[in-house]
Amino acid sequence: MMSDEMGATFAPRVFSGVQPSGQLTLGNYLGAIRNFVPLQDTHTCMYCMVDLHAITVWQEPQELTAATRHVAAAFMAAGLDPSRSALFNQSMVPEHTQLGWVFNCVARLGWLNRMTQFKEKAGKDREKASVGLYAYPTLMAADILLYKATAVPVGEDQKQHLELTRDIAQKFNNDWGREVFPLTEPLILGDATRVMSLRDGTKKMSKSDPSDLSRINLTDDRDTIAKKFKKAKTDPEPLPETVEGLTGRPEADNLVGIYGALAGLSKAEVMAQFGGQGFGAFKPALGDLAVEKLGPMRDEMERMLADPGEIDAILRKGAEQAREIAAPVLDEVYEVLGLVR
Ligand code: TYM
């Protein structure tokens with residue numbers, strides 16, 4: 001049980017979401033999905049394909065459908081068990097958008113104006129961004145708080161959105177004088193909380209990067225993985241002997257971090273093994289390791305994707321379970337607001 005400042009207690013519950021847009025990357029896997037799995041032992045877990053977040057930018061309908069099933073397959077191939085966790089897509093649980101609207105009326109414009117992800121995604125021509133892209137973080141807060149989630153496993157880039165979620169919970173609780181929502185803790189776990197692009201060590205690895213060489217996709221085959229690591233940008237120096245030697249060498253630091261995350265080693269342990277060696281030796285070792293770790297997952301995803309009907313049935317069942325928790329929470333919120341029902 002988690003006890004917050006005013007003494008209300010909340011059952012240990014986890015929510016996390018992944019957008020079904022483009023290909024899932026090694027960043028999504030190491031920064032988030034992999035960390036979802038052990039939480040099944042300690043928490044009630046809800047893992048969601050956030051399709052309504054995906055449509056804040058244009059999505060081809062057929063690709064959106066395929067990507068939703070692809071994320072579901074990746075979740076299960078990574079070790080999420082639909083008999084223990086609720087796996088579902090956001091649009092199947094209408095309470096997300098209902099609570100999202102309430103939060104649009106709680107969050108302040110000034111708060112949303114500070115969101116760096118909106119600034120990055122909207123780019124220079126902000127006038128042309130969708131209203132949904134701007135309101136994205138309030139729907140995200142609704143995703144989490146609809147289940148009164150106490151913890152949310154995410155990569156580093158979602159930290160600011162989780163701070164906003166806490167601000168919304170706190171303002172809601174204060175304004176209505178009722179301890180409805182917990183102050184959710186972000187779980188930013190492990191050494192790969194920010195996996196960087198293979199073409200530019202200062203940019204995040206992202207499914208929306210125009211260059212496919214910048215990322216490892218979870219569906220890449222053995223040869224593609226090896227090729228992408230071989231072509232990864234590096235500097236001409238050999239690997240340093242110590243972790244401190246990685247400072248100022250973002251590409252080297254990123255590849256060492258990826259190796260460590262895949263092998264279950266700290267950066268220091270990777271340096272003990274490879275320090276002083278050139279990238280000519282390190283890159284093939286990294287490629288082999290990635291193929292060894294990701295290959296079985298890819299095969300399992302492929303097997304599951306051959307039966308989309310089965311995946312859809314799992315999502316429908318997950319959505320039913322999710323609604324069992326969500327509907328009473330939305331009821332409570334509507335009652336607190338004084339909405340006649
Ligand atoms: P999304 O779909 O961009 O990414 C899914 C998860 O992967 C993590 N991630 C990374 N971690 C390490 N290195 C990277 N290069 C990298 N790229 C992505 C993200 O941090 C995320 O955990 N807004 C969210 C989706 C969302 C959500 C939620 C998450 C909607 N509602 C509620 C948690 C709780 C997003 O766009 O994730």
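Scope of this entry: the structure provided in the associated data block. Small disclaimer: the values here were computed from a predicted structure and weren't measured.

The rules behind these values
- Residue positions within a chain follow its written sequence, with the count starting from 1.
- Per-residue local features of the predicted model are confined to residues with pLDDT of at least 70, and side-chain atom pairs are confined, for both listing and counting, to 80 or more; whole-chain, interface and lining totals are unaffected and use all residues.
- To get the side-chain values, take all heavy atoms of the structure and skip hydrogens and water.
- Runs of H or I in DSSP of at least four residues are treated as helices and runs of E of at least two as strands, each being numbered from the N terminus.
- A simple rule labels every residue: compare its accessible area, found with a 1.4 Å probe on the protein chains alone, to the largest value its type can have, and call it buried under 20%, exposed over 50%, or partly exposed in between.
- Residues are treated as being in contact if the distance between any of their heavy atoms lies within 4.5 Å.
- Counting of polar contacts relies on pairs of N or O atoms within 3.5 Å, with two restrictions inside protein: one atom must be capable of donating a hydrogen and the other of accepting it, and residues adjacent in sequence are counted only when both atoms are side-chain atoms.
- Two strands pair if DSSP finds at least two bridges between them.
- Expected span of a helix: the number of residues minus one, times 1.5 Å.
- Here the bend at a residue is taken as the angle between two axes, fitted respectively to the seven residues that end there and the seven that start there.
- Nonpolar cores are built from buried Ala, Val, Leu, Ile, Met, Phe, Trp, Tyr and Cys residues. Side-chain atoms within 4.5 Å join them into one set.

Take the environment of Thr138 next. Mapped onto the elements of the fold, Thr138 is located in helix α7 (residues 131-145). Judged by relative accessible area, which is 1%, Thr138 ranks as buried. For the pair Thr138 and Val102, spaced 36 residues apart in the sequence, the C-alpha separation amounts to 8.9 Å. Apart from the residues within four sequence positions on either side, Thr138 is in contact with Gly100, Phe103, Asn104, Ala107, Leu112 and Ile168. There is a polar contact of 2.7 Å between the side chain of Thr138 and the backbone oxygen of Ala135.

On to the pairing of strand β5 (residues 85-89). Where burial is concerned, most of β5 is hidden: 5 out of the 5 residues are buried. One ladder, built from 5 bridges, connects strand β4 (residues 44-49) with β5; its direction is parallel. Its bridge partner lying in β5, Cys45 is registered against Ser85.

This next bit is on helix α12 (residues 279-305). Compared with the 39 Å implied by 1.5 Å per residue over 27 residues, the 36 Å span of α12 between its first and last C-alpha is a close match. At Leu294, α12 shows its strongest bend, of approximately 35°, with the proline Pro296 following within four residues.

Our next topic: unusual backbone geometry. Even without being glycine, Lys148 reaches a positive phi, approximately 50°. Position of Lys148 relative to the elements: it lies in the loop between α7 and β6 (151-153). Judged by relative accessible area, which is 15%, Lys148 ranks as buried.

The subject of this paragraph is the nonpolar core. Nonpolar side chains in soluble globular proteins generally cluster together in the buried interior. Membership of the largest hydrophobic core comes to 58 residues, with the highest contact counts inside it found for Leu26, Leu30, Tyr47, Phe75, Phe229, Ile258 and Phe282. Counting residues per element, this core draws most heavily on α12, which supplies 10 residues. Apart from the residues within four sequence positions on either side, Phe282 is in contact with Leu239, Leu255, Val256, Tyr259, Val270 and Phe274.

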